[in-house]
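Each chain, written out:
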Amino acid sequence: MSTIFTKIIKGEIPSHKIAENDLFYAFLDIRPIAPGHTLVIPKEEVDHFFDMNDDNLNHILKFAQPIVKAIESAIPCKRVGSMIAGLEVPHAHLHLVPIISMQEFSFAYAKQAQQEDLITIREKILKYL
């Protein structure tokens, strides 16, 4: 059974895509901790992050690097933090979260984003990619 992330990759569920290549897909989280919170996922459906094949493990951070730089340029933040939680969806994923305040760098602060806000944030980030 396909995960929600696989359905997003296939275009069955809409997303606010930030970047894509043959191995990975990056899109804005609809329940962001902070504006610009982006998920990076392998296209191969793997439940646990560290069960990804060696190639994907070796390349996911290189894929994420320009996205992090674009987020830091587009969103006023101290830096972009990364998290591997892996409990919400059984599909490996890397969270790229703009850190505005260390006190708010927690899923406890995640809240549903408005579509128009996601569109605006996506456009800002894409200017720097």
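Residues numbered from 1 in each chain as written. Predicted model: local features only at pLDDT ≥ 70, side-chain atom pairs only at ≥ 80, totals over all residues. Heavy atoms only, no water.

(A) Focus on the overall build of the protein chain. Counting its secondary structure elements, the protein chain contains three helices and five strands. Going residue by residue from the N terminus, the α and β elements of the protein chain occur as α-β-β-β-α-β-β-α. Against the 2.2 N^0.38 benchmark of 14 Å for 129 residues, the protein chain shows a C-alpha radius of gyration of 14 Å, consistent with a compact globule. Over its C-alpha atoms, taken along the principal directions, the protein chain stretches across nearly 35 × 30 × 25 Å. Classification of the 129 residues of the protein chain by burial places 43% in the buried group. Sequence-distant contacts in the protein chain: of pairs separated by 6 or more residues, those separated by 24 or more amount to 59%. (Helix = DSSP H or I, 4+ residues; strand = E, 2+ residues; numbered from the N terminus. Rg over C-alpha atoms; globule rule 2.2 N^0.38 Å. Buried < 20%, exposed > 50% of the residue type's maximum accessible area, 1.4 Å probe, protein only. Contact = heavy atoms within 4.5 Å.)

(B) Structural detail: the packing of aromatic side chains. Under the defined criterion, the tally for this structure stands at four aromatic pairs. Both rings, one in Phe5 and one in Phe27, keep their centres 5.6 Å apart while their planes meet at 75°; by these two values the pair is edge-to-face. Here Phe5, found in helix H1 (residues 4-9), pairs with Phe27, found in strand S2 (residues 24-28); they are 22 residues apart in sequence, far enough to count as distant. Like Phe5, the residue Phe27 is buried in the burial classification. With a centroid separation of 5.8 Å and 50° between ring planes, the pair formed by Tyr25 and Phe27 is classed as tilted. For the pair Tyr25 and Phe27, a shared accessibility class is recorded, and that class is buried. (Phe/Tyr/Trp six-rings, centres within 6.5 Å; stacked < 30°, edge-to-face > 60°.)

(C) Layout of the nonpolar core. Among the nonpolar cores identified, the biggest contains 26 residues, and Ala26, Val40, Phe63, Ile67, Ile71, Leu96 and Ile125 are the most heavily contacted of them. Broken down by secondary-structure element, the contributors of at least two residues to this core are strand S1 (17-20), S2, helix H2 (54-74), strand S5 (94-99) and helix H3 (115-126). By residue number, the principal contributor to this core is H2, which donates eight residues. Beyond its immediate stretch of four places on either side in the chain, Val40 contacts Tyr25, Ala26, Ile60, Phe63, Ala64, Ala92, His93, Leu94 and Leu96. (Core = buried A, V, L, I, M, F, W, Y, C linked by side-chain atoms within 4.5 Å.)

(D) Molecular detail of the pattern of salt bridges. Using the criterion set out here, one finds two salt bridges in the structure. Measuring nitrogen to oxygen at the nearest pair gives 2.9 Å for the salt bridge that ties Glu20 to Lys17. When its relative accessible area of 31% is taken as the criterion, Lys17 is described as partly exposed. Between Lys43 and Glu20 there is a salt bridge whose closest N-O contact spans 2.8 Å. One end of the pair, Lys43, is in the loop between strand S3 (38-42) and H2; the other, Glu20, is in strand S1, and 23 residues separate them in sequence. According to the relative accessible area criterion, Lys43 is partly exposed, its value standing at 25%. A relative accessible area of 37% places Glu20 in the partly exposed class. Among the ionic contacts, a cluster of salt bridges with common partners joins Lys17, Glu20 and Lys43. (Salt bridge = Lys/Arg side-chain N within 4 Å of Asp/Glu carboxyl O.)

(E) Seen up close, H3. For H3, which comprises 12 residues, the first-to-last C-alpha distance of 16 Å matches the rise-based estimate of 16 Å (1.5 Å per residue) to within 8%. Turning to H3, its buried residues are Leu118, Ile121 and Ile125. With its buried residues spanning 70° around the axis, H3 presents them on a single face. Looking at the buried side of H3, the elements it contacts are S1, S2, S3 and H2. (Expected span 1.5 Å × (residues − 1). Arc of directions from axis to C-beta.)

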